[in-house]
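A look at the structure
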Amino acid sequence: MPDKFRKTILTVIFIGFLFVVAWLADNYLDEYVMRVVRTGLIYVIAAVGYNLINGIAGQFSLGPNGFMALGGYMVALLMLPVEQKEFVWFLQPLIWPFRVFSLTKPFFPLAVALGGVAGALGALVVGVPSLRLRGDYLAIATFGFSQIIIVLANNLIPVTNGALGIKGIPEYANVYRCLAWAIVTVIITSNLANSSYGRAMKSVRDDEVAAEAMGIPIFRHKLLAFVVSGFFAGVAGGLMASLITTVSPSLFSFSMTFNLLIIIVLGGLGSTTGSAITAFAFTLLSEALRFVESPITIGPIDIPGIAGMRMLVFSLLLVLLMIFYRRGLFGKKELSWDWVVSRFGNSNRQGVGTWPHKTEQS
Amino acid sequence: MSMLKVRDLNVHYGGIHALKGVSLDVPEGAIVTLIGANGAGKTTTLRAITGLAKATGGSIEFDGHDITSAPPHEIVRLGVSMAAEGRRIFYNLTVMENLMMGAYHRHDTAEVRKDLEWVTMLFPRLKERFGQKGGTLSGGEQQMLAVGRALMSRPKLLCLDEPSLGLAPMLVQEVFRVLSQIHDEGCTILLVEQNAKAALKIADYGYVLRGGTITMHGQGYELLTDESVRRAYLGE
Ligand SMILES: Nc1ncnc2c1ncn2[C@@H]1O[C@H](COP(=O)(O)OP(=O)(O)OP(=O)(O)O)[C@@H](O)[C@H]1O
Ligand SMILES: [Mg+2]
């Protein structure tokens, strides 16, 4: 087994490798593919954060689209140039102070982080009353909250410009920034999951009463998981806003949460690496499946394009996966250096462990 | 000196009046047992002591502190721990992590490590299964893990709720052997048991709970030889 230091070195090398791949992709792949890749990275952030509350802490939240909306609008309000703001809010003026300033490109990471803060604050507001209660109150409260956010986004015109949305957000979410945020998300989340806080979260998930009897302050741990999860949802929403250059209420509809739920269940609830890999694969696959919605001609047969076919194919895949991999692709396991080394590094240790190797994490 | 003093304890679950004025004492260094039929309120008494159930009347004092309405994590900190009814271990954590959760509030890492060794000496089987997920242990092993986990907080008072439930006779003996060993090392024990005979045998003092009130109490051997106790709880 590699020790901690060697693992850190391996991780650093791996991150460097990812950036090299990102650079190659950026230079050799076309704009359309790179958009999909960036979207995939943003989904990684959202899914890994969502998995923290649903999979690791075991609290069923239905709120990520609401928290993503908070982050998205925050970044839009901070980054949109002042002239563009005057142009967008032509019916009613934008509220002060956003009306009079905007951040320049070097401050984009700050804007995204503040988007995360907006998501975290949203999570705090929903979490404090609902996480004290046992049972699925969080699901109801978060669902209600994200609906309220969408209603506000539609009606709070001096802040959100209503259903028309906000257009012309500078496109600063390039592949390097998206990758950097995704890496930060994965590293922070997996370190948290492996800390004593993370173990406490998992014990709350496994048996809340027993955890309480052990003297674990369960409310505090649930709230911590939820607020961190809200932060990453806000970050993902913020990057999304800058990638698409537009935010509108429909961008953050409930189907976003639904997609994320599919991703984390497919990946294996509780597995950070599983969520990350599945999120990326899911995004690529859902783009690749676009062809099933376009008109297809097979010999003499013309099949007209059917909108929504993708979801049908997805649902079918989901059913199949749930039949054959009931606990998701990764279960609660993690892809880790221990596994890589035991699999490839040391020939006399072959056969140690099934795929993916069970590690100390769970 | 009483380590734990329970006076006129009342607990309600909604409309159900589960404890109707329970009073009991656990002297330092003693093994005290609480016996009674199903639904008598034994688990509820332990839950109230450990802060998991809210007392609606009366008082609970531990080590000179009033813990009647203290939250569970403060009570654990003061030195009370419980191995709850029905094992309740963390299925997706390893045996080792389960044990470490018992020491959650402790920061004396070196001492925790020693206690980890101590617990695995008490239950050698746990050591063989250190890296295994809790949920994959057998029922008996899970029971040992639950007791071991409760010990990891190095409690002054250990509350055990039916630690021998569902165990084969051999393992029951094993658990009781460990209990007397823990007791010899200075731990005070409040033991709830269906297996009243075995419990009264190792207990210094016993309480009989019925319908939410204490109907009888006395030295372990007194209760063991009492005619009505024998008929009602020992099945003789
Ligand atoms: N959460 C609850 N809600 C409502 N009533 C409860 C609850 N827990 C226990 N009770 C009731 O309180 C009474 C005492 O229950 P308790 O679990 O303390 O009994 P017990 O002596 O431990 O029984 P057993 O030997 O079967 O474990 C019972 O009548 C039970 O139905
Ligand atoms: Mg009971």
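These numbers were taken from a predicted model, which means no experiment stands behind them. (Residues numbered from 1 in each chain as written. Chains lettered and ligands numbered in written order. Predicted model: local features only at pLDDT ≥ 70, side-chain atom pairs only at ≥ 80, totals over all residues. Heavy atoms only, no water.)

Thoughts on the packing of helix 2 (residues 31–56) of chain A against helix 9 (residues 196–206) of chain A
Residue and element names in this part refer to chain A. Interaxial distance between helix 2 and helix 9 falls to 9 Å at its minimum, and their mutual angle equals 50°. Between helix 2 and helix 9, the angle falls in the class oblique. Contact residues: helix 2 offers Leu-52, Gly-55 and Ile-56, while helix 9 offers Met-201, Lys-202 and Arg-205. Tallied by class, residues from the contact of helix 2 with helix 9 come to 3 nonpolar, 1 polar and 2 charged. (Axes fitted to C-alpha atoms, helices over the stretch in contact; angles between N-to-C directions. Helix = DSSP H or I, 4+ residues; strand = E, 2+ residues; numbered from the N terminus. Parallel < 35°, antiparallel > 145°, perpendicular 65-115°, else oblique. Contact = heavy atoms within 4.5 Å. Nonpolar A, V, L, I, M, F, W, Y, C, P; charged D, E, K, R; others polar.)

Quick look at the interface of chain A and chain B
Bring the parts together and some accessible area is lost; that lost area is often taken as the interface size. With 25 residues of chain A in contact, the opposing surface of chain B contributes 20 residues. Between chain A and chain B, a total of about 2100 Å² is buried, with carbon and sulfur atoms accounting for 62% of that surface. In terms of surface lost to chain B, no three residues of chain A exceed Arg-199, Asp-206 and Met-214 of chain A, which account for 29% of the buried area on that side. Between the two partners, chain A and chain B, sit 1 salt bridge. Residues Arg-88 of chain B and Asp-207 of chain A are paired through a salt bridge, measuring 2.8 Å at the closest nitrogen-oxygen approach. (Buried area = accessible area lost by both parts, 1.4 Å probe. Salt bridge = Lys/Arg side-chain N within 4 Å of Asp/Glu carboxyl O.)

Focus on the pairing of strand 3 (residues 31–36) of chain B
Two faces make up the sheet, and in a regular strand the side chains alternate between them. Residue and element names in this part refer to chain B. Among the 6 residues in strand 3, 6 count as buried, and that is most of the element. Of the two faces of strand 3, both are covered, the one formed by Ile-31, Thr-33 and Ile-35 as well as the one formed by Val-32, Leu-34 and Gly-36. Note that strand 3 and strand 8 (residues 188–192) share 4 bridges and pair parallel. Paired with Thr-33 across the strands is Leu-191, a residue of strand 8. Bridge analysis of strand 3 against strand 9 (residues 205–210) gives 5 bridges, and the strand direction is parallel. The partner of Leu-34 across the bridge, within strand 9, is Tyr-207. (Buried < 20%, exposed > 50% of the residue type's maximum accessible area, 1.4 Å probe, protein only. Pairing = 2+ DSSP bridges.)

Quick notes on the coordination of the magnesium ion (ligand 2)
All names here are of chain B. Protein-derived coordination of the magnesium ion (ligand 2) comes from Thr-43 (OG1) and Glu-85 (OE), at a distance range of 1.9 to 2.7 Å. With Thr-43 in helix 1 (residues 42–49) and Glu-85 in the loop between strand 6 (80–83) and helix 3 (95–102), this residue pair connects regions lying 42 residues apart in the sequence. The exposure class of Glu-85 is partly exposed, given its relative accessible area of 33%. (Donors = N, O, S within 2.8 Å, 3.2 Å for Na, K, Ca; no water.)

Concerning empty space enclosed by the protein
Residues and elements named next belong to chain A. Going through the model one piece at a time under the given rule, you end up with 1 cavity of 30 Å³ or more. Lining the largest cavity we find Ala-46, Gly-49, Tyr-50, Ser-61, Pro-64, Phe-67, Phe-226, Ser-229, Gly-230 and Ala-233. Top contributing element to the lining of the largest cavity by residue count: helix 11 (residues 218–244), with 4 residues. (1 Å grid on protein atoms, 1.4 Å probe; cavity = no way out; pocket = protein on both sides within 12 Å on 5 of 7 lines; lining within 4 Å. Points joined across faces, edges and corners; volume = space filled by probe spheres on them.)

Re the pattern of salt bridges
All names here are of chain B. Tallied over the entire structure, the rule returns 17 salt bridges over all chains. Close ionic contact of Arg-7 with Asp-25 constitutes a salt bridge, the shortest N to O distance being 3.1 Å. Within this pair, whereas Arg-7 is found in strand 1 (residues 2–13), its partner Asp-25 is found in strand 2 (residues 16–27), the two being separated by 18 residues in sequence. Assessed through its relative accessible area of 22%, Asp-25 is described here as partly exposed. What you see here is one network of salt bridges that share partners, running through Arg-106, Asp-108, Glu-111, Lys-114, Asp-115 and Arg-154.

Considering the packing of helix 2 of chain A against helix 8 (residues 175–194) of chain A
Residue and element names in this part refer to chain A. For the pair helix 2 and helix 8, the least separation of the axes is 9 Å and the interaxial angle reads 15°. Judged by the inter-axis angle, helix 2 sits roughly parallel to helix 8. In the packing of helix 2 onto helix 8, the handedness of the crossing is left-handed. Two secondary-structure elements touch here, helix 2 through Met-34, Val-37, Arg-38, Leu-41, Ile-42, Val-44, Ile-45, Val-48, Leu-52 and Ile-56 and helix 8 through Val-175, Cys-178, Leu-179, Trp-181, Ala-182, Thr-185, Val-186, Thr-189, Leu-192 and Ala-193. Classifying every residue of the contact of helix 2 with helix 8 gives 17 nonpolar, 2 polar and 1 charged. (Left-handed = near helix turned anticlockwise from the far one by under 90°.)

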